[in-house]
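Below, each chain spelled out in residue letters.
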Amino acid sequence: MNIVSLILAAGEAKRFGSLKQLAVINGQSMLNTAITQHRLAGIDKIVVVLGAKANRIQQQIDPLVDVVLAPNWQLGMGESIRVGVDFIKHRRYPKTSNILIGLGDQVAVKSAQILKLCNAVKSNSTSIVAADYGDNIGVPACFPAHTFNDLLNLNSTNANLQKGAKTILSAYRQNVVTVNMPEAQLDIDTTEDLRRWCNFSSQ
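What you see as residue numbers is a count from 1 along each chain, following the sequence as written. In view of the model being predicted, local features appear only for residues whose pLDDT reaches at least 70, and side-chain atom pairs are presented and counted only at 80 or more, with totals across whole chains, interfaces and linings using the full set of residues. With hydrogens and water excluded, all non-hydrogen atoms of the structure serve as input to the side-chain values.

What about the overall build of the protein chain?
A tally of helices and strands in the protein chain yields eight helices and nine strands. Across its three principal directions, the C-alpha atoms of the protein chain cover 40 × 35 × 30 Å. Looking at the 203 residues of the protein chain, the share that counts as buried comes to 53%. The contact criterion used is simple: two residues touch if any of their non-hydrogen atoms lie within 4.5 Å. The contacts of the protein chain with a sequence gap of at least 6 include a subset with a gap of at least 24, amounting to 71%. Exposure was quantified through the Shrake-Rupley algorithm and a 1.4 Å probe, taking into account, for residues, occlusion by the shown protein chains and nothing else. Element-wise, carbon and sulfur atoms account for 47% of the exposed surface of the protein chain, whose accessible area totals about 9700 Å². When charges are counted, Lys and Arg are positive and Asp and Glu negative, with His and the chain ends excluded. Note on charges: their place is set at NZ of Lys, CZ of Arg, CG of Asp or CD of Glu. The average position of the 20 basic charges and that of the 15 acidic charges among the side chains of the protein chain differ by 3 Å. Segments assigned H or I by DSSP are reported as helices when at least four residues long, segments assigned E as strands when at least two residues long, and all are numbered from the N terminus. Here the term buried applies to any residue with accessible area under 20% of the maximum for its type, exposed to any over 50%, and partly exposed to those in between, with areas from a 1.4 Å probe on protein chains only.

Considerations on the pairing of strand β7 (residues 128–133)
Most of β7 is tucked away, with five of its six residues classed as buried. Think of it this way: DSSP has to see at least two bridges between two strands before they count as a pair. One ladder, built from five bridges, connects β7 with strand β9 (residues 176–180); its direction is parallel. From the neighbouring strand, Ile 128 faces β9, where its bridge partner is Val 176. Pairing of β7 with strand β8 (residues 136–144), which is carried by five bridges, proceeds in the antiparallel orientation. The residue of β8 that forms the bridge with Ala 130 is Ala 141.

A closer look at the side chain of Asp 105
Following the sequence through the fold, Asp 105 ends up in the loop between β6 (98–103) and α4 (111–122). The class for Asp 105 is buried, based on a relative accessible area of 11%. With residues up to four places along the chain from it excluded, the contact list for Asp 105 reads Lys 20, Met 30, Leu 186, Asp 187, Ile 188 and Asp 189.

Observations concerning the nonpolar core
Core analysis: the biggest nonpolar cluster contains 32 residues, and Leu 6, Ile 101, Phe 143 and Leu 151 have the highest contact counts within it. Of all elements in the fold, only β1 (3–9), β4 (46–50), α3 (77–92), β6, β7, β8, α5 (148–152) and α7 (166–171) reach the threshold of two or more residues within this core. By residue number, the principal contributor to this core is α3, which donates five residues. Setting aside its immediate chain neighbours within four residues, Ile 101 contacts Leu 6, Leu 8, Ile 81, Val 139, Pro 140, Ala 141, Phe 143 and Leu 151. As used in this record, nonpolar core signifies buried Ala, Val, Leu, Ile, Met, Phe, Trp, Tyr and Cys residues forming a set joined through side-chain atoms within 4.5 Å. Counting residues in hydrophobic clusters, the runner-up holds 30 residues, among them Ile 3, Ala 41, Ile 61 and Val 65.

Observations regarding the environment of Asp 105
Placed 10 residues apart in sequence, Asp 105 and Leu 115 show a C-alpha to C-alpha distance of 18 Å. Polar side-chain contacts of Asp 105 include one of 2.8 Å to the side chain of Lys 20. The definition of a polar contact used here is a pair of N or O atoms within 3.5 Å, where within protein one atom must be able to donate a hydrogen and the other to accept one, and adjacent residues in sequence count solely through side-chain atom pairs.

A look at unusual backbone geometry
Put simply, Val 139 and Pro 140 share a cis peptide bond, and its omega is 5°. Looking at the element boundaries, Pro 140 is found in strand β8. Positive phi outside glycine occurs at Ala 13, with the angle close to 55°. Along the chain, the position of Ala 13 falls in the loop between β1 and β2 (24–25). The residue Asn 26 is not glycine, and still its phi comes out positive at about 50°. Take Asn 26: it is sitting in the loop between β2 and β3 (28–29). Looking at Asn 26, the relative accessible area reads 71%, which means it is exposed.

Remarks on the pattern of salt bridges
The term salt bridge refers to a side-chain nitrogen of Lys or Arg lying within 4 Å of a carboxyl oxygen of Asp or Glu. The full count for this structure, using the stated rule, is eight salt bridges. For Asp 66, the salt bridge is made with Arg 92, and the minimal N-O distance between the two is 3.0 Å. Placement of Asp 66 in strand β5 (residues 66–69) and of Arg 92 in helix α3 is noted, with a sequence separation of 26 residues between them. The closest approach of N and O atoms between Asp 193 and Arg 196, which form a salt bridge, is 2.8 Å. One end of the pair, Asp 193, and the other, Arg 196, are both in helix α8 (residues 191–201), three residues apart, so they sit about a helical turn from each other. The partly exposed category is assigned to Arg 196, whose relative accessible area is 45%. Taken together, the shared-partner salt bridges in this structure form one network comprising Glu 192, Asp 193, Arg 195 and Arg 196.

Printed below as a string of structure tokens:
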């Protein structure tokens, strides 16, 4: 099994008011924190998709990861997924068996949760394995090779671009294995979200 992590961090984060990807958490940028957690889970092939303010972010990103730019990042998360999967499948890691899609701002998702997802993939290698949090099933989620073309076709409609991976999860709902992961419910949209998280995590 050859898993590649695809971390999405292309958004403008208007509600945050500054470069969210570079916001500091425990001495490390938010994006590098996400990268570190994937690496601690045993994944050494990591691709990050950047878009808004990419040059500034890339200067401070972990130099050991692959960075791909989504020039049309404004179209939504589906466009970032499409660009990232295309890079992995056709340019960088053509022998990839599974792509684990995660978000750069899911700060509560640590290496333990990512490893839990990867362990589920080992016994369900041809199924989509996705996080189950509350009433939602979503990312982080690991997609097998037979779904890569569907991920590449997320640009077929504007609705698909906005929904991102949820379109594929819905299409394959009979072939989705879920992993309980309440930590995936938290993402950081505002500086107040970050302040609350930092206060909570330091307790």
